[in-house]
Structure formats: C-alpha cells, structure tokens
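Analysis of the macromolecular model
Chain by chain, the residues:
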There are 2 protein chains.
Amino acid sequence: MNTDVPRRGRPRDPERLKRVLEAAAQQFLEHGLERASVEAIAKASGVSKVTIYSYFPTKEALFEAAVASCTEEVFASIPRGALDPRDPENALTLIGKAFLQLKRSDKAVGTFRLMFAVTSQHAEACEAFYRQGPEELIHQVADYLRAAASAGSLSIRNADEAADQFLSLFLGSADIRVMLGLGKPKASEDARLIKANVDLFLRAYAK
Amino acid sequence: MNTDVPRRGRPRDPERLKRVLEAAAQQFLEHGLERASVEAIAKASGVSKVTIYSYFPTKEALFEAAVASCTEEVFASIPRGALDPRDPENALTLIGKAFLQLKRSDKAVGTFRLMFAVTSQHAEACEAFYRQGPEELIHQVADYLRAAASAGSLSIRNADEAADQFLSLFLGSADIRVMLGLGKPKASEDARLIKANVDLFLRAYAK
DNA sequence: TATTTACTGAACGGTCAAGTTAAGTATGAA
DNA sequence: TTCATACTTAACTTGACCGTTCAGTAAATA
C-alpha cells in the first residue's frame, strides 16, 4: 500500500480506497476469507479488480487491511466518562450495556468469527486484534474497578482479574448462540442478563 | 450414506469409514472447510478418493458427518458422579477442571472455530452442535447446582442462569487467546483461574 | 498542449480442487 | 466357481478464482 503523494499526473481518489475497504470488510465478514472473491469485492465497491491490485499486492494484504480497519471501528464504542466510582451498580450496568451492544453487532460477530478462522494463516493479525480489542477493553474496565476500589465502593484486590471475570460473564450461552448464528436474544433478555451479571459481581465484590 | 447391509458380494470394511471420518475431522479442524481437500483426506486415511465419494455424495456431507462425530467425542468427558452436593467448593473445582480440560483441547478449539466459521452454510449442524454441546453442559451443571441448593449448600434461585454464569467465567481472556491461537495458558494459570472463579461464584451464591 | 499518473474492461494463463469415469483387482456370498 | 459388490489407480472434466496483461480512457500538472 503506497501512500506517497506523487507530484504529477492524476491523483488518487481517496473515496475509492474507502469503498474498497468497506466492501472487502463486508464480503470477508459475511463469507469468510476463502469464499469472498476479489472479483466480488470489486463489483461491490464499484471499482475495477485491477485498481484493487494496484492498492494491495495480494488478496491476503487486502484482507489484513480490511480486518485492521474493522477492529478499530468495532471497538471504538465504549463509554469513557460518566462512570461514577461511587455508583458501581450503575457504572457496571452501563459497561455491560455498551459491551453487549458491541458484541451483538453484526460487525463484531463477523470479526470474531473471521479471526478465529484464520489463526494459522494470520497469526500477527490475530495478535493485533487481541491487543487492540479484548485486551484494551479489559484494561478499560479494570481502570474503572480500580477507581471504584479506591473510592471504597468495591473490595477488589486484582482489578485485571475482576475485569476479565465481569466481561466474561457476557460470553455464555447467549453469546455462543449468537456466534453460531442461532439468533440474537431479545433486548429484554439482554437487559435481564446484564442485571443478573451485575448483581452477581456486586455480591462477590461487595465492600 | 447408505448403511444397508447388502446380501451378496464383498462387504464394506467398517475400518475404512472410521479412518475416513477421523482423517476428515483432523483435516477440517486443522485447515477449515474450504482449505481441507478431499484428496488430502483420502491420502491421510489411506483410502481412495472414489471410495470417499461412495460413502458421501459431496464434500459437504462428509463435513457434516465428521463434525457430528467430533461433537460427540469432544463433549463426552464431563464427570457425572463424585460431585458432593454438600461440598460445592470441591465440586465446582472439579467441574471447572473438567471444563477447562475440554475447552483447551485441540479438538474442542478446532470444533468451535469450525462451527463459528460455517454458520451460514450449515445452520442445522450449528444448531445440533449447540444442543449436544454447550446446552447439554449447562444442563449438567445446573443439575448439580439444584442438588447443592436442595442440600442447603448454596442459595440459588435460577439454577440454569447460575450454571451459565459459572461456565461463562471460563470464557474470558484466556479462552479468547486460545481461540485466536495465541498460546495456551500454563497449568498453573488455569489452576489459578479455576480458584478465582470458584471463589467468586461461592461468594455470590453463598448460603 | 504534452505528459504523467489513475483507472476501466475484457481477456487470458495458471493453479487448485470437486466430482466423474473407466478399467481392473480384491473379497466374500451363493 | 461364479458373480456381485467394494475398492484402487489414474486420467479426465469442469469450474472457480487469483493475479496479470493490454489497449484505451480520465484527470491532473507543467
């Protein structure tokens, strides 16, 4: 991917690259790495196949670029402020809501499926995905838990471990069913799940 | 797949079918549905490709048979007896151990990856996998929790929900890393995870 | 205008793999 | 022994798709 700006001649159309990446992401997420064809991505983005190959040397390179842009987008949606260290019940509920909203999105579901499927061929991409995705998320939750512990709202020794536990509570049967394409829970079921998990967590880590 | 026993002529060699299914499972789990070739499965099982096509009409049919036999094998390893309703700490530790042993196995990891990758093409196989796998497991844990609640060892209102929660605690960062092929935790780390999760669960559901 | 670069469309080469066919061998039942 | 069925080997057909080439068009700078 050459991003240099040449001095003369027709400049690159930045819209095209954007459309290619979007279409690539859509096709890869929906069909997987092998079943998505470059031809189809070209069609879907309204760009010629040759142009795609002028952007990326191989299908694999296009795949990695598409996945990287996906990861950013998927994990960008977690609330930073508005988490009161003195009100863990409310804060954890908000975190749970945001996490489920993310984890239920087609894009996130597709990205996880995709990454799981390409571990042997794209180990580095998986590593990057983990660090920018799940790991980052756990750190953010751990930060809140440390703040809540400092504020005396919770009794937590190992915030990273606790954050991992809290988030993992949302990866049970409902998430597995979603990942298997067996249908998403109703909003009321997810609300109930959030309440049950927050309750459990607060009982275990009460002051 | 015709299982009828013909009256005359050379009988089928049952060993061959077994070897084919084993080799197919191995190849599909390692390389995925698209990247595993029928030719390679034939080679690996020491059987000719034509014979495979006499057993199964298409690669897809072979895939479904292989997956079905895998699911049985993977989820057959949970301890039934020896769970004392009066000693939840010990029982939950045993359950956690067994679950992690299962979830860390190459076969289970491969099966989950595979099923996640083929949701759109093999919806029925995914449904069957969920029912015979995760759902069944949750039911078994819920049964124990009900027994423990009846014995007065735990205070649990919704055993199915609690079982789901307990098992989901093992699907956090460590499991994600394994699923992404980033390496398995050391035995000591898993032991620590089990203890942390059992402790959390007991604190939340103490009598 | 001349030149340089971006892009398109269509066609093509090469590879890989699904599934088939044919000709022949092995094995067991009648 | 005869014959039906299982199995193998090897070649083949078919189709998909990656990646390239080429001839031509579009859009910018000098």
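Residues numbered from 1 in each chain as written. Chains lettered and ligands numbered in written order. Predicted model: local features only at pLDDT ≥ 70, side-chain atom pairs only at ≥ 80, totals over all residues. Heavy atoms only, no water.

**Re the packing of helix α5 (residues 88-104) of chain A against helix α7 (residues 123-150) of chain A**
Residue and element names in this part refer to chain A. In plain terms, the rule: Simply put, an axis is a line fit to the C-alpha atoms, just over the touching stretch for a helix, and the angle between two N-to-C directions goes from 0 to 180 degrees. Think of it this way: any DSSP run of H or I at least four residues long counts as a helix, any run of E at least two long counts as a strand, and we number them from the N terminus. Each angle is binned into one of four classes, with values under 35 degrees roughly parallel, values over 145 roughly antiparallel, values of 65 to 115 roughly perpendicular, and all other values oblique. Residues are treated as being in contact if the distance between any of their heavy atoms lies within 4.5 Å. Under the scheme applied here, ten amino acids are nonpolar (Ala, Val, Leu, Ile, Met, Phe, Trp, Tyr, Cys and Pro), four are charged (Asp, Glu, Lys and Arg), and all others, including Gly, are polar.
In contact at an axis separation of 11 Å, α5 and α7 are set at 170 degrees when each is read in the N-to-C sense. With respect to each other, α5 and α7 are oriented roughly antiparallel. Seen from α5, the contacting residues are P88, A91, L92, I95 and F99; seen from α7, they are L137, V141, Y144 and L145. Classifying every residue of the contact of α5 with α7 by side-chain character gives 9 nonpolar, no polar and no charged.

**Focus on the protein's contact with DNA strand D**
Quick reminder of the rule: Nearness of a residue to a molecule or strand requires only that one of the residue's heavy atoms be within 4 Å of it. Residues adjacent in sequence count toward polar contacts only when both atoms are side-chain atoms; beyond that, a polar contact is any pair of N or O atoms within 3.5 Å, and within protein one must be able to donate a hydrogen and the other to accept it.
Lining the immediate environment of DNA strand D, one finds 27 residues, of which K49 and K59 of chain A together with R10, S48 and T51 of chain B sit closest. When atoms of DNA strand D within 4 Å of the protein are split into backbone and base, the sugar-phosphate part holds 67%. One nitrogen or oxygen atom from the side chain of R10 of chain A is found 3.3 Å from a base nitrogen belonging to DNA strand D. Residue V38 of chain A places a main-chain N or O atom 3.1 Å away from a phosphate oxygen belonging to DNA strand D. Where the surface near DNA strand D is concerned, the elements lending two or more residues are α2 (38-45) and α3 (49-55) of chain A together with α3 (49-55) of chain B. Residue composition of the surface near DNA strand D, grouped by class: 9 nonpolar, 7 polar and 11 charged.

**Digging into helix α8 (residues 159-168) of chain B**
Because each turn of an α-helix spans 3.6 residues, side chains separated by three or four positions end up pointing in the same direction. Test applied: Exposure classes here rest on a 1.4 Å probe applied to the protein chains alone. A residue is buried below 20% of its type maximum, exposed above 50%, and partly exposed in between.
Where burial is concerned, most of α8 of chain B is hidden: 8 out of the 10 residues are buried. Listed as buried for α8 of chain B are A159, A162, A163, D164, Q165, F166, L167 and S168 of chain B. Packing partners of the buried residues in α8 of chain B comprise α8 (159-168), α9 (173-179) and α10 (187-204) of chain A together with α5 (88-104), α7 (123-150) and α10 (187-204) of chain B.

**Quick notes on the relation of the copies chain A and chain B**
For the record, the criterion: Superposing copies: least-squares fit, C-alpha atoms only, residues required to have pLDDT of at least 70 in both.
If you rotate chain A by 180 degrees and push it 0.0 Å along the axis, it lands on chain B with an RMSD of 0.1 Å. The superposition operator between the copies reduces to a two-fold rotation axis. No C-alpha of chain A approaches the rotation axis more nearly than that of A204 of chain A, which lies at 2.3 Å. Of all interface residues in chain A, 97% are interface residues in chain B too; the two copies therefore contact each other through one and the same surface.

**Remarks on the domain arrangement of chain A**
Accessible area lost upon the coming together of the parts serves often as the stated size of an interface. Residue and element names in this part refer to chain A. So the rule is basically this: An automatic or database domain assignment supplies the residue ranges for each domain. Take the accessible area each of two parts loses on contact, using a 1.4 Å probe, and add the two losses: that sum is the buried area. Here, a salt bridge means any Lys or Arg side-chain nitrogen found within 4 Å of an Asp or Glu carboxyl oxygen.
Once the domains are mapped, chain A shows domain 1 (14-72) and domain 2 (78-204). Of note, the centres of domain 1 and domain 2, computed from C-alpha atoms alone, are 29 Å apart. At the junction of the two partners, domain 1 supplies 11 residues and domain 2 supplies 10 residues. Summed over both partners, the interface of domain 1 with domain 2 comes to about 990 Å²; 71% of that surface belongs to carbon and sulfur atoms. Where domain 1 touches domain 2, the interface holds 0 salt bridges. At the junction of domain 1 and domain 2, the tally comes to 2 residue pairs in polar contact (both at pLDDT 80 or more). Breaking the side of domain 1 that touches domain 2 down by element, the ones donating at least two residues are α1 (14-35) and α4 (59-74). At 6 residues, α4 tops the list of elements feeding residues into the side of domain 1 that touches domain 2. Classifying every residue of the side of domain 1 that touches domain 2 by side-chain character gives 6 nonpolar, 2 polar and 3 charged.

**Quick look at the packing of aromatic side chains**
Here is the rule we go by: Ring pairs shown here join Phe, Tyr and Trp side chains whose ring centres sit within 6.5 Å, with only the six-membered ring taken for Trp; geometry is labelled stacked below 30 degrees between planes, edge-to-face above 60, and tilted in between. The criterion for a charge sitting over a ring is simple: Lys NZ or Arg CZ within 6 Å of the ring centre, and within 35 degrees of the ring normal.
A complete count under the given rule lists 21 aromatic pairs over all chains for this structure. Taken together, a centroid distance of 5.1 Å and an interplanar angle of 85 degrees make the contact between F28 of chain A and F63 of chain A edge-to-face. On the criterion of sequence distance, the pair formed by F28 of chain A in helix α1 and F63 of chain A in helix α4 is long-range, its members being 35 residues apart. A relative accessible area of 0% means that F63 of chain A is categorised as buried. Seen in terms of ring centroids, F99 of chain A and F170 of chain A are 6.0 Å apart; in terms of plane orientation they differ by 75 degrees. Their pairing is edge-to-face. On the criterion of sequence distance, the pair formed by F99 of chain A in helix α5 and F170 of chain A in the loop between α8 and α9 is long-range, its members being 71 residues apart. Both residues of the pair, F99 of chain A and F170 of chain A, count as buried. Three or more aromatic residues joined by ring pairs form one cluster here, namely F75, F112, F116 and F129 of chain A together with F75, F112, F116 and F129 of chain B. The ring of F112 of chain B carries K103 of chain B above its face, with NZ or CZ at 4.4 Å from the centroid.

**Thoughts on the protein's contact with DNA strand C**
Near DNA strand C you find 26 residues, and of these G9, R10 and T51 of chain A together with K49 and K59 of chain B are the closest. Sugar plus phosphate: this is where 70% of the atoms of DNA strand C within 4 Å of the protein reside. In the environment of DNA strand C, a base nitrogen lies 3.3 Å from a nitrogen or oxygen atom belonging to the side chain of R10 of chain A. In this structure, K49 of chain B approaches DNA strand C through a side-chain N or O atom, which is 2.7 Å from a base oxygen. The set of elements that each furnish at least two residues to the surface near DNA strand C consists of α3 of chain A together with α3 of chain B. The class makeup of the residues in the surface near DNA strand C is 9 nonpolar, 7 polar and 10 charged.

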